[in-house]
2 protein chains.
Amino acid sequence: MSPSTVSQYVNKRFHYMGKETKKKVAEAIEELGFQPNTVARSLKQKKTLTIGVIISNIMHRYSTVVSRSIEDYCYNYEYHTIICNADDNPEKERKYVDMLLAKQIDGLIIVPTNHNRELYQSLIHRNIPVVFLDRYVNGLAIPTVVVDNQDVTEQAINHWIEAGHTRISLISAPMNVSTRIERMEGYKRALQQASIPIQESYVHHVEMDDVQEVCRQMSQLTEPPTAILAASDLVLIEIIRYINRQGIQVPDDVALMVFDEVHLAEFHDPPITTINQPFYDMGQKAASLLMDLINKKEVENKKYLYEASINIRESSEAKLQNKGVL
Amino acid sequence: MSPSTVSQYVNKRFHYMGKETKKKVAEAIEELGFQPNTVARSLKQKKTLTIGVIISNIMHRYSTVVSRSIEDYCYNYEYHTIICNADDNPEKERKYVDMLLAKQIDGLIIVPTNHNRELYQSLIHRNIPVVFLDRYVNGLAIPTVVVDNQDVTEQAINHWIEAGHTRISLISAPMNVSTRIERMEGYKRALQQASIPIQESYVHHVEMDDVQEVCRQMSQLTEPPTAILAASDLVLIEIIRYINRQGIQVPDDVALMVFDEVHLAEFHDPPITTINQPFYDMGQKAASLLMDLINKKEVENKKYLYEASINIRESSEAKLQNKGVL
DNA sequence: TTGTAGGCGTTATCAA
DNA sequence: TTGATAACGCCTACAA
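Model, not experiment: these values are computed from the prediction.

About the cut-offs
- Residues numbered from 1 in each chain as written.
- Chains lettered and ligands numbered in written order.
- Predicted model: local features only at pLDDT ≥ 70, side-chain atom pairs only at ≥ 80, totals over all residues.
- Heavy atoms only, no water.
- Contact = heavy atoms within 4.5 Å.
- Buried area = accessible area lost by both parts, 1.4 Å probe.
- Polar contact = N/O pair within 3.5 Å; in protein donor to acceptor, adjacent residues only side chain to side chain.
- Near = heavy atom within 4 Å.
- Helix = DSSP H or I, 4+ residues; strand = E, 2+ residues; numbered from the N terminus.
- Least-squares fit on C-alpha atoms with pLDDT ≥ 70 in both.
- Nonpolar A, V, L, I, M, F, W, Y, C, P; charged D, E, K, R; others polar.
- Phe/Tyr/Trp six-rings, centres within 6.5 Å; stacked < 30°, edge-to-face > 60°.
- Buried < 20%, exposed > 50% of the residue type's maximum accessible area, 1.4 Å probe, protein only.
- Domains from an automatic or database assignment.
- Pairing = 2+ DSSP bridges.
- Axes fitted to C-alpha atoms, helices over the stretch in contact; angles between N-to-C directions.

1. Thoughts on the interface of chain A and chain B
Right, on to step 1. Facing the 49 residues of chain A at the interface are 49 residues of chain B.
Right, on to step 2. Of the roughly 4,700 Å² buried where chain A meets chain B, counting both sides, 57% is carbon and sulfur surface.
Right, on to step 3. The largest contributions to the chain A side of the interface with chain B come from Tyr75, His80 and Phe267 of chain A, which together make up 17% of the buried area.
Right, on to step 4. For the pair chain A and chain B, the number of links is 20 residue pairs in polar contact (both at pLDDT 80 or more).

Here it is in structure tokens:
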């Protein structure tokens, strides 16, 4: 009973295998509790059946959904996922990419920090199967699964404009990524089309620790905003902390809306309007695109656009007497 | 310039290496973009610098914290983590353990389903470094990082008893794991010491989908509970769904408390009392124990107990007129 | 101080 | 139908 025979058996290549041998191998495997060593196999086959996933920050709820979705998809293909937190830190992103490549992962799904263009290009150059998720990086031949942020932001702002709001604020994290930029575009476009001037003092891209300070500043304007769009669950939490402390009423004093479906939003008093992005579907799509790339199937290098939907709840609904005291 | 010289360089064994050679190797590496192949190295060294983490369900918030904590710890040791969702499914747990072992991971951190005793024993038998987290499995020589669930549950129930509650409900998922069992013990103990009879109809271990139904049933008792302890964030959400739909007031009609710190709790109206478990610390501890095991350091096979703390908020505070209408 | 040889566990190829 | 051999890329001895 030679190693190669066992290998045949393990890989279910029974074509020419004698019933007798088959049985003997089966018994031996059972008796010795033999388990093939994936590492050796990977070395030989140059395939690890493992993909790397680099997400921005697992503390964002959407990251949880995304990683879960990708893992679910991979489970059916006997693929493993190694999930890494880049923390929106380009250096960590680089380090993780290196580690993952050293580990010979078969492909990568990345929520890019957008500050490693050279790295991204080298991935293309080295023919590493890569899919980007949630954020688009200009001018790279990498398939990217994203939400149409501009469009949905425009809708959101329009919803408020139609209700009579003109002093609308947008607060997001400071990252220079496509999601933020597109949301800015959508925000501006909506205001411009309604001929509402864009006020610098209503738009902020700040660290989480500064969100409350920014709220305080806006509250001291002669015309504080009457509506705030929070760009993520983490931003929303900070805003609510401020609002609660100040005893500000939603939506009577200020209307609220937030990107991402979070439990907090649904059960808040009043319930908070959320912009729901189909991250589970997007994770599945990214995984499926990556599998196609790995299996040398044709994959179009384009944006795979998903529509977000606005789940209107009480927090965003205008009251005639909205005071905009923030 | 032979492979072994390069290997020396890569592994920083400069002892006897000529300045000249060193430089030449460095240049060549730079030029070719050479990266050592971890797979080959792992095969040779029988070390993958990777650990497996099997958690119950990443949709629980505490799982997010735990996996983040473990990853943070490993990052500093150049270790990778492969995180797997067993979904509280023993078969998935088995499959993942097998996959991870085939991948030759150096160690395992598991939130055990508790339904794979043979599997756990075989891990010990095969000398795989393993640490359990969050749940204790009886009679296994595996270091386990857990919260003192019985103690904190007893405290929680006592808090209500002292405030005059006697009709106290406990709702948890149906898993047969130590956390649930210990909480039951704590619950019973507190009631017994106060000579309050234990009512079957107040205690439920059910799937998430049945939580609302259980609430409905309790509301039709002649004496509905005046207080409910939810055993997880997911249970709480279902209870709140029911409560909101019925227009029930918290804590006027029923008092609430929940295991796990969730944003939902802090910002709910009224804010919900949480039982905070130090999962970040526990994750770090589990990772550190595992590293010790991997490095053959002495590790005590015992329960590493952590104290949970109760963050009292309005939802659990008794009103004299608490009607217990549920 | 550097280079050569053997082997880690698997599989592809080819010989028996 | 099964077995021997080489090779995957790296590392450790040991030889040069």
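That shown, we press on.
2. Quick word on the protein's contact with DNA strand D
Right, on to step 1. Near DNA strand D there are 22 residues, and of these Thr5, Tyr16, Thr21 and Lys46 of chain A together with Arg41 of chain B occur at the shortest range.
Right, on to step 2. Each atom of DNA strand D within 4 Å of the protein was assigned to sugar, phosphate or base; sugar and phosphate come to 72%.
Right, on to step 3. Contact distances for DNA strand D include 2.9 Å between a base nitrogen and a side-chain N or O atom of Ser4 of chain A.
Right, on to step 4. Residue assignment for the surface near DNA strand D shows that the elements contributing at least two residues are helix 1 (3-10) and helix 3 (38-45) of chain A together with helix 1 (3-10) and helix 3 (38-45) of chain B.
Right, on to step 5. The dominant element in the surface near DNA strand D, judged by the number of residues it contributes, is helix 3 of chain B, at four residues.

3. Considerations on the relation of the copies chain A and chain B
Right, on to step 1. Mapping chain A onto chain B is achieved by rotating through 180 degrees and translating by 0.0 Å along the same axis, at an RMSD of 0.1 Å. Seen this way, the second copy is the image of the first under a two-fold rotation axis.
Right, on to step 2. Both copies contact each other with a shared surface, as 100% of the interface residues of chain A are interface residues in chain B too.

4. Considerations on the protein's contact with DNA strand C
Right, on to step 1. Contacts to DNA strand C come from 23 residues, most closely from Ser7 and Asn37 of chain A together with Ser4, Tyr16 and Thr21 of chain B.
Right, on to step 2. For DNA strand C, the fraction of protein-proximal atoms (within 4 Å) that sit in sugar or phosphate groups is 68%.
Right, on to step 3. Side-chain polar atom of Thr5 of chain B to a phosphate oxygen of DNA strand C: 2.8 Å apart, as the coordinates give it.
Right, on to step 4. Elements represented by at least two residues in the surface near DNA strand C include exactly helix 1 and helix 3 of chain A together with helix 1 and helix 3 of chain B.
Right, on to step 5. Take the surface near DNA strand C: its biggest share by element is four residues, from helix 3 of chain A.
Right, on to step 6. When its residues are assigned to classes, the surface near DNA strand C shows eight nonpolar, eleven polar and four charged.

5. As for the packing of aromatic side chains
Right, on to step 1. Counted according to the given criterion, the structure contains ten aromatic pairs over all chains.
Right, on to step 2. Where Tyr75 of chain A meets Tyr96 of chain B, the ring centres are 5.3 Å apart and the plane angle is 55 degrees; that geometry is what we call tilted. Placement of the pair is Tyr75 of chain A in helix 4 (residues 61-76) and Tyr96 of chain B in helix 5 (residues 90-102), with the two residues belonging to separate chains. For the residue pair Tyr75 of chain A and Tyr96 of chain B, the accessibility class agrees, reading buried in each case.

6. Structural notes on the domain arrangement of chain A
Right, on to step 1. Domains assigned within chain A are domain 1 (3-36), domain 2 (46-147 + 278-308) and domain 3 (149-276 + 310-316).
Right, on to step 2. Look at where the C-alpha atoms of domain 1 of chain A and domain 3 of chain A centre, and you get two points 63 Å apart.

7. A short note on the sheet that holds strand 6 (residues 168-172) of chain B
Remark on secondary structure: sheet strands pair via backbone hydrogen bonds, oriented parallel or antiparallel.
Residue and element names in this part refer to chain B.
Right, on to step 1. Read from one edge to the other, the open sheet built from six strands follows the order 7-6-8-9-10-12, with strand pairing classed as mixed. Unpaired on one side and paired on the other, strand 7 (203-205) and strand 12 (309-311) mark the two borders of the sheet. For this sheet the average axis-to-axis angle between neighbouring strands, irrespective of direction, equals 15 degrees.
Right, on to step 2. Pairing analysis gives three bridges linking strand 9 (residues 255-259) to strand 10 (residues 273-276), with the strands arranged parallel. Residue pairing for strand 10: Val258 is matched across the bridge by Thr274.
Right, on to step 3. Here helix 8 (residues 178-193) sits on the sheet in contact with strand 6, strand 7 and strand 9, set at roughly 175 degrees to strand 6.
Right, on to step 4. Against the sheet, helix 10 (residues 233-246) touches strand 6, strand 8 (227-230) and strand 9, its axis set at about 155 degrees to strand 9.

8. A few points about the sheet that holds strand 3 (residues 107-110) of chain A
All names here are of chain A.
Right, on to step 1. Read across the sheet, six strands follow the order 2-1-3-4-5-11 without closing on themselves; strand pairing throughout is parallel. The open sheet terminates on both sides in strands that have one partner only, identified here as strand 2 (80-85) and strand 11 (303-306). Neighbour-to-neighbour, the strand axes of this sheet turn through a mean angle of 20 degrees, independent of strand direction.
Right, on to step 2. As judged from the two bridges shared by strand 4 (residues 130-133) and strand 5 (residues 144-147), these two strands associate in the parallel manner. Across the sheet, the residue bridging to Phe132 is Thr144, located in strand 5.

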